[in-house]
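Structure assessment
Each chain, letter by letter, is given below.
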Amino acid sequence: MNYPIYLDHNATTPVAPAILEAMLPYFSTHFGNAASKNHPYGWMAENAVEEAREKLAHLIQAKPKELIFTSGATEAINLAIKGTFVHYQGEQQHYISCVTEHKAVLDTLSSIAKKGAEVSLLPVNPTGKIDLEQLEASITPTTKMICLMWANNETGLIHPIEEIAAIAERHNVIFFTDVVQAIGKIPVNSSGIHLMALSAHKFYGPKGVGALFIRHNHTLPKPLPLIEGGGHEKGFRSGTLNVPGIIGLGMAAEIAKNHIDLYSNQIEKLRDELESGILTLERTVLNASQENRLPHVTNISFEGVEGEDLLREINRFVAVSSGSACSSITPKPSHVLDAMGIEADLARASIRFSLGISTTHEEIQQTIKVVKAALSRLRS
């Protein structure tokens, strides 16, 4: 198969060769269960897991004991939100989030709302930003948690995390953030955060493994476990650990820590090159703020074409998406773009381009040609 150029790195990234190499022995030679305490196979696996935990902690400036390994960010998000809801069971509970959050957060909040929680979703302006004064004014005596992602997966917008953390601190409210699209692309640290969800496969690690950061040095309650049966991961998440996946996550963290500035600068230049080439075409609109956004993402609307036709034409040569992979199974316009006030037909004719460390100048130039040709065919 002749694969197209890949510009859908927000959906998933290829496992980096060095990461795959580090993982392979733990499928065969070092296949032990990290919970086996009585022999070298278990000791080897446990030591490797703890080394990976240290690498991930180093990346986000946390303590290793504050990291709980999960099957991915969706599980981590459920543990953070539902685990907190269960802890406060019997009390009035209020949660604050935003209309442009990932569906993993919105659907989980919807779930606890059906069980009695009150959920407030903040609106956004046309560039996707929230109003911090409105956020603070939304806090009530029953507010238990603020749930706001570090960076948006469709537009790349970066929320003002430090200011949000300060608001949560002033009101003694748990601050939970989804860092899935930010980690490995820009510096992310745990300062001021109580709960943080992440996934390996968004920054060149394997699928099926993620983590939840749970801050220890504060008085607010920790989430209660959703999966029980053995007391693994300090009781927060029982189940045999995915040792090869955890090794891969640790390696991804180590590589990101060492190369994040280089990767970020390189990818941002290519992203700007792509935007410069596409936005010179007639009736194209950038769906984002020019400031405070991820270096590898751009979301562009194309007037005068049907969204499905445009996506089909481009995907013959360049793999892109119209938004989150978790939402692409439905034909509805992006809930993110809709919340930003973008008209439905234009939202449907929007493409998210997300670059990676392997993206080249030649691929960007070819992508510009593909988009130009597709627009010309469809508009004519």
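Let me begin by describing the structure that accompanies this report. Residue positions are given per chain, counted from 1 along the sequence in the order it is written. The predicted origin of the model limits local features to residues at a pLDDT of at least 70 and limits the giving and counting of side-chain atom pairs to 80 or more, whereas totals for whole chains, interfaces and linings rest on all residues. Excluded from the side-chain calculations are hydrogens and water; all other atoms, namely the structure's heavy atoms, are used.

Strands here mean DSSP runs of E at least two residues long; helices mean DSSP runs of H or I at least four residues long; both are numbered from the N terminus. Here the expected span of a helix is defined as 1.5 Å times the quantity of residues minus one. With 36 residues, helix α7 (residues 243–278) ought to run about 52 Å at 1.5 Å a step, yet its terminal C-alpha atoms sit only 43 Å apart, falling short of that. What is called the bend at a residue is the angle between a pair of axes, fitted to the seven residues leading up to and ending at it and to the seven starting from it. Of all bends in α7, the biggest is about 70 degrees, found at histidine 259. Between the side-chain oxygen at the start of α7 and the backbone nitrogen of glycine 245 there is a gap of 3.0 Å, and the oxygen is on asparagine 242. Whenever two N or O atoms come within 3.5 Å, that pair is a polar contact, provided that in protein one can donate a hydrogen and the other can accept it, and provided that, for residues adjacent in sequence, both atoms are side-chain atoms.

At least two DSSP bridges between two strands are needed for those strands to be called paired. Spatially, 7 strands are ordered β2-β8-β7-β6-β5-β3-β4 in an open sheet, and the strand pairing comes out mixed. Every other strand in the sheet has two partners, leaving β2 (67–70) and β4 (118–122) as the edge strands with one partner each. Strand-to-strand twist of the sheet, defined as the mean angle between neighbouring strand axes without regard to direction, takes the value 20 degrees. Looking at chain direction, strand β3 (residues 94–98) and β4 are connected through 5 bridges and run parallel. Looking at the pairing, histidine 94 lines up with glutamate 118 of β4. In this analysis, axes come from line fits to C-alpha atoms, helices being fitted only over the stretch in contact, and the angle between any two N-to-C directions falls in the range 0 to 180 degrees.

What follows deals with the nonpolar core. By size, the foremost hydrophobic cluster in this structure holds 65 residues, and its most contacted members are Leu56, Ile60, Leu135, Ile146, Trp150, Phe175 and Leu249. Any pair of residues with heavy atoms lying within 4.5 Å of one another is described as a contacting pair. Apart from residues no more than four positions distant in its own chain, leucine 135 is found in contact with Ile96, Leu122, Ile130, Ile146, Leu148, Ile164 and Ile167. With 26 residues, the next largest nonpolar core counts Leu274, Phe302, Val320 and Ala349 among its residues. Nonpolar cores are built from buried Ala, Val, Leu, Ile, Met, Phe, Trp, Tyr and Cys residues. Side-chain atoms within 4.5 Å join them into one set. When a residue's accessible area, from a 1.4 Å probe over protein chains only, is under 20% of the maximum for its type it is buried; when over 50% it is exposed; and in between it is partly exposed.

Next up on the list: the pairing of strand β8 (residues 210–214). With 5 of 5 residues buried, β8 lies mostly within the body of the structure. Inspection of the sheet shows strand β7 (residues 195–199) paired to β8 by 5 bridges, in the antiparallel sense. Within β8, the residue paired with leucine 198 across the bridge is alanine 211.

If you check helix α11 (residues 361–379), its first and last C-alpha atoms are 27 Å apart, about what 19 residues at 1.5 Å a residue would give, namely 27 Å. Among all positions in α11, only Ile364, Thr367, Ile368, Val370, Val371, Ala374 and Leu375 are buried. Down the axis of α11, the sector holding all buried residues measures 165 degrees, keeping them to one side. Turned more than 90 degrees off the buried face of α11, the exposed positions are Glu362, Lys369 and Lys372. Throughout, the arc means the angular range of directions from the helix axis out to the C-beta atoms.

On to the side chain of histidine 296, then. The residue histidine 296 is located in the loop between β9 (284–286) and β10 (297–302) in this model. Here asparagine 10 takes part through its side chain, which lies 2.7 Å from a polar atom of the side chain of histidine 296. For histidine 296, the residues in contact, after removing those within four places along its chain, are Asn10, Gln181, Lys185, Ile267, Arg271, Phe353, Ser354 and Leu355.

All right, on to the packing of helix α8 (residues 307–315) against α11 then. Following both chains from N to C, one finds α8 and α11 inclined at 140 degrees, their axes separated by 9 Å at the closest point. Here α8 lies oblique to α11, going by the angle between them. For the crossing formed where α8 meets α11, the hand is right-handed. On the side of α8, the interface is formed by Asp309, Leu310, Glu313 and Ile314, while α11 contributes Val370, Val371, Ala374, Leu375, Arg377 and Leu378. Residues are grouped as follows: nonpolar covers Ala, Val, Leu, Ile, Met, Phe, Trp, Tyr, Cys and Pro; charged covers Asp, Glu, Lys and Arg; every other residue, Gly included, is treated as polar. A per-class count over the contact of α8 with α11 returns 7 nonpolar, no polar and 3 charged. Small angles under 35 degrees read as roughly parallel and large ones over 145 as roughly antiparallel, with 65 to 115 read as roughly perpendicular and the rest as oblique. Each crossing gets its hand from how the near helix is turned against the far one by less than a right angle, where anticlockwise is left-handed and clockwise is right-handed.

A word on the state of the cysteines. In protein chemistry, a disulfide is the covalent bond that joins the sulfur atoms of two cysteines. Two cysteine sulfur atoms make up a disulfide if the distance between them is within 2.5 Å. In the structure shown here, the tally under the stated rule is 0 disulfides. No disulfide involves cysteine 98; its sulfur sits 11 Å from the nearest other cysteine sulfur, which is in cysteine 147. Exposure remark for cysteine 98: the relative accessible area of 0% places this residue in the buried category.

What follows concerns the pairing of β3. The two faces of a sheet get side chains in turn, since along a regular strand they alternate between them. Among the 5 residues in β3, 5 count as buried, and that is most of the element. Residues His94, Ile96 and Cys98 line one face of β3 and the alternating positions Tyr95 and Ser97 line the opposite face, and both faces are buried. For crossovers, right-handed means that the path from the first strand over the helix to the second runs clockwise, given strands pointing away from the viewer. Handedness of the crossover joining β3 and β4 through helix α4 (residues 103–114) is recorded here as right-handed. As paired elements, β3 and strand β5 (residues 143–147) share 3 bridges and run parallel to each other.

Moving on, we get to the pattern of salt bridges. For this analysis, a salt bridge means a side-chain nitrogen from Lys or Arg found within 4 Å of a carboxyl oxygen belonging to Asp or Glu. In the structure shown here, the tally under the stated rule is 17 salt bridges. In this structure, arginine 312 engages aspartate 309 in a salt bridge whose closest nitrogen and oxygen atoms are separated by 2.5 Å. Taken together, the residues arginine 312 and aspartate 309, both in helix α8 and 3 residues apart, mark about one turn of the helix. Among the charged side chains, a network of salt bridges with common partners joins Glu268, Arg271, Asp272, Glu275 and Arg293.

Spatially, β9-β10-β12 is the arrangement adopted by the 3 strands of the open sheet, whose pairing is antiparallel. Two strands bound the open sheet, and with one partner strand each, they are β9 and β12 (350–354). Adjacent strand axes in the sheet meet at a mean angle of 25 degrees when their direction is disregarded. In this structure, β10 lies alongside β12, joined through 5 bridges in antiparallel fashion. Among the inter-strand pairings, isoleucine 300 is bridged to a residue of β12, identified as isoleucine 351. In this fold α7 packs onto β9, β10 and β12, with an angle of close to 10 degrees to the strand it touches most, β10. Of the strands in this sheet, β9, β10 and β12 are in contact with α11, which crosses β10 at around 15 degrees.

Topologically, serine 334 is positioned in the loop between β11 (318–319) and α9 (335–339). Note on serine 334: relative accessible area 10%, which makes it buried. At a separation of 2.5 Å, a polar atom in the side chain of serine 334 contacts the side chain of glutamate 154.

All quantities given are derived from atomic positions and should not be read as evidence of function.
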